[in-house]
Amino acid sequence: MELFFIFVAIVLTQNFVLHYFLGICPFLGVSDEMEAAFGMGIATTFVMTLTAIITWNINNFILEGFGVEFLEYVSFILVIASLVQLVEMFLKKYVPELYQTLGIYLPLITTNCAVMGLALFMVLRDYNFVQSAIFGFGAGVGFTLALIIMAGIRSELMEDAIPEPFRGTGITLLTAGLLALAFMGFSGLVPV
Amino acid sequence: MNNTTEIFVNGLWRDNPVFRQILGLCITLAITNRVVNGVTMGVAVFFVLVASSFIVSVIGEYVPRRVRIPVYMLIIATFVTLVYMFLRAYFTGLSQALGAYVGLIITNCIILGRLESFSSENGPWESVVDAAGISAGFAAALIAMSVVRELLGFGTLFGINVLGSGWTPWVSMILAPGGFLVLGLLVWIERSISPVEEG
């Protein structure tokens, strides 16, 4: 039950994009088109789940094991960068169809702060191994959800007459604000 | 206006990282519910960006192109670790308020973007000036955001009561939606003052 709450919390009530402001760059940049948003979401979920699993092990067995916690930032960013590279190489070789679809989004994930944020939050919250894996997967699902909702709204907005200074970023941010308000409505779902 | 001032002003206003280039928003939105947090983050990013652009402008030409991104990431991560340790040692409360977001300076696209597009191709002096201008622009945006949000959300500035006890705090201002709404409005104001040239 506790694992289920972790999942629901990170997808809805504490959504990475709309509650913690993580992964805003792709959220604003990629969410023009539904298909692109979906591709980005899936690729990110994949990397996030793996990141959660690997950084948990590194943090517990290497960093804490040897008492070198101050290397946290340096080692996490290295893990994420190489993980993205590895996933890219693996997909290119063994699942070329998927690589074709996700191809351009993969390198962008390294600088997606949602992935780094995931690793840092996991350490701050002292999750165990299973909890971390669920947390990573849930964060990815939540990110995908926010991206897809936004893409849907933006495709409608393109048809509308919007005042010049609001075009693009301005209106997207206001929409995101309203979306965040709506997501606050979920806040009673999970006992804190 | 000589070259140095021009580079600086460019970063502060014309290429303002937040309002103009729409970069580094995670931090901008997340920590600006109090002015103190905004100022601290501004200073932290200033230090990291200036220090890492200096290093990159000096060693840039010796780094092989293929591995430059991981090398930049490592340089940035090292300076961010220094900031984190400094904050934790001398400003424990602030360090807890900023939480994971100090670490997220590493993945702030402003920094990597500046290193890649400016410092790697320019001399140390220009790079430091450019970094100072960009991070001053970033700090200005953080402070503008946090003044609006703290004033409306708590009725205070720097924790000092400004609006009097009759003020009803706008709770949503300090929560997530307020961040998006205030930034949207500030972008609107900035674009109304100096419209984007259609290119």
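Residues numbered from 1 in each chain as written. Chains lettered and ligands numbered in written order. Predicted model: local features only at pLDDT ≥ 70, side-chain atom pairs only at ≥ 80, totals over all residues. Heavy atoms only, no water.

### A look at the overall build of chain A
- For chain A, the count of helices and strands is 8 helices and 0 strands.
- The dimensions of chain A, computed from C-alpha atoms along their principal axes, are 60 × 45 × 30 Å.
- In chain A, 78% of the contacts between residues at least 6 apart in sequence involve partners at least 24 apart.
- Accessible surface, chain A as shown: approximately 8,900 Å² in total, 69% of it carbon and sulfur.
- Of the side chains in chain A, 5 bear a positive and 14 a negative charge, and the two mean positions are spaced by 7 Å. (Helix = DSSP H or I, 4+ residues; strand = E, 2+ residues; numbered from the N terminus. Contact = heavy atoms within 4.5 Å. Areas by Shrake-Rupley, 256 points an atom, 1.4 Å probe, with all protein chains shown as cover. Lys, Arg positive; Asp, Glu negative; His and termini not counted. Charge placed at Lys NZ, Arg CZ, Asp CG, Glu CD.)

### Examining the environment of Ser165 of chain B
- Note that Ser165 of chain B resides in the loop between strand E2 (160-161) and helix H8 (171-174).
- Expressed as a C-alpha distance, the spacing of Ser165 of chain B and Gly155 of chain B, which sit 10 residues apart in the sequence, is 8.4 Å.

### Considering the interface of chain A and chain B
- Taken together, the contact pairs 37 residues of chain A with 35 residues of chain B.
- Both faces considered, chain A and chain B share a buried interface measuring about 3,200 Å² in area, 83% of it formed by carbon and sulfur atoms.
- Linking chain A with chain B are 1 residue pair in polar contact (both at pLDDT 80 or more).
- Secondary-structure elements contributing two or more residues to the side of chain A that touches chain B are helix H2 (24-29), helix H4 (72-94), helix H6 (113-125) and helix H8 (169-184) of chain A. (Buried area = accessible area lost by both parts, 1.4 Å probe. Polar contact = N/O pair within 3.5 Å; in protein donor to acceptor, adjacent residues only side chain to side chain.)

### Topic: the packing of aromatic side chains
- Per the counting criterion, the structure on display carries 17 aromatic pairs over all chains.
- Both rings, one in Phe16 of chain A and one in Tyr20 of chain A, keep their centres 6.0 Å apart while their planes meet at 85°; by these two values the pair is edge-to-face. Both residues of the pair, Phe16 of chain A and Tyr20 of chain A, count as buried.
- Plain terms: the ring middles of Phe86 of chain B and Phe91 of chain B are 6.2 Å apart, the flat faces sit at 55° to each other, and that makes the pair tilted.
- Relative accessible area serves as the criterion here: at 47%, Phe86 of chain B is assigned to the partly exposed category.
- A relative accessible area of 41% means that Phe91 of chain B is categorised as partly exposed.
- Aromatic rings pair up to connect Phe16, Tyr20, Phe121, Tyr127 and Phe135 of chain A together with Tyr101 of chain B into one cluster.
- Its guanidinium or amino end placed over the ring of Phe154 of chain B, Arg34 of chain B lies 3.9 Å from that ring's centre, counting from NZ or CZ. (Phe/Tyr/Trp six-rings, centres within 6.5 Å; stacked < 30°, edge-to-face > 60°. Buried < 20%, exposed > 50% of the residue type's maximum accessible area, 1.4 Å probe, protein only. Lys NZ or Arg CZ within 6 Å of the ring centre and 35° of its normal.)

### Here we look at helix H7 (residues 124-154) of chain B
- Over its 31 residues, H7 of chain B extends 43 Å from the first C-alpha to the last, a length consistent with the 45 Å expected when each residue adds 1.5 Å.
- Of the residues flanking the end of H7 of chain B, it is Gly155 of chain B, one or two places downstream, whose phi is positive at about 75°. (Expected span 1.5 Å × (residues − 1).)

### Here's the deal with the state of the cysteines
- Taken as a whole and assessed by the stated rule, the structure comprises 1 disulfide over all chains.
- The side chain of Cys113 of chain A participates in a disulfide bridge whose partner is Cys26 of chain B; the two sulfur atoms lie 2.3 Å from each other. You can see Cys113 of chain A sitting in helix H6 and its partner Cys26 of chain B sitting in helix H2 (residues 25-30), one on each of two chains.
- Residue Cys113 of chain A is classed as buried on the basis of its relative accessible area, which comes to 6%. (Disulfide = S-S within 2.5 Å.)

### Re the confidence of the model for chain B
- Confidence along chain B averages 85 in pLDDT terms, with 97% of residues attaining 70 or more.
- Of all the helices and strands in chain B, helix H1 (residues 3-14) of chain B carries the lowest mean pLDDT, 80, while helix H3 (residues 35-59) of chain B carries the highest, 92. (pLDDT = per-residue confidence, 0-100.)

### Topic: helix H9 (residues 176-193) of chain B
- Taking 1.5 Å of rise per residue, 18 residues should cover 26 Å, and H9 of chain B covers 27 Å from first to last C-alpha, within 8% of that figure.
- Those residues of H9 of chain B that fall on the buried side of the exposure criterion are Ala176, Pro177, Gly178, Gly179, Phe180, Val182, Leu183, Gly184, Leu186, Val187, Glu190 and Arg191 of chain B.
- Contacts made by the buried residues of H9 of chain B are with H2 and H8 of chain A together with H1, H2, H7 and H8 of chain B.

### Details of the side chain of Asp130 of chain B
Residue and element names in this part refer to chain B.
- Its location among the elements puts Asp130 in helix H7.
- Accessibility expressed as a relative area gives 3% for Asp130, which makes it buried.
- Reaching out from Asp130, the side chain makes a polar contact with the side chain of Arg114 at a distance of 3.0 Å.
- Excluding its chain neighbours within four sequence positions, the residues that come into contact with Asp130 are Ile7, Arg114 and Phe118.

### Concerning a nonpolar patch on the surface
- Judged by side-chain polarity, Phe8, Val9, Leu12, Trp13, Leu185, Trp188, Ile189 and Ile193 of chain B come together as a nonpolar surface patch covering roughly 690 Å² of accessible area.
- A relative accessible area of 59% means that Ile193 of chain B is categorised as exposed. (Patch = residues over 30% accessible without salt bridge, like charges linked within 9 Å, V, L, I, M, F, W, Y side chains within 5 Å. Salt bridge = Lys/Arg side-chain N within 4 Å of Asp/Glu carboxyl O.)

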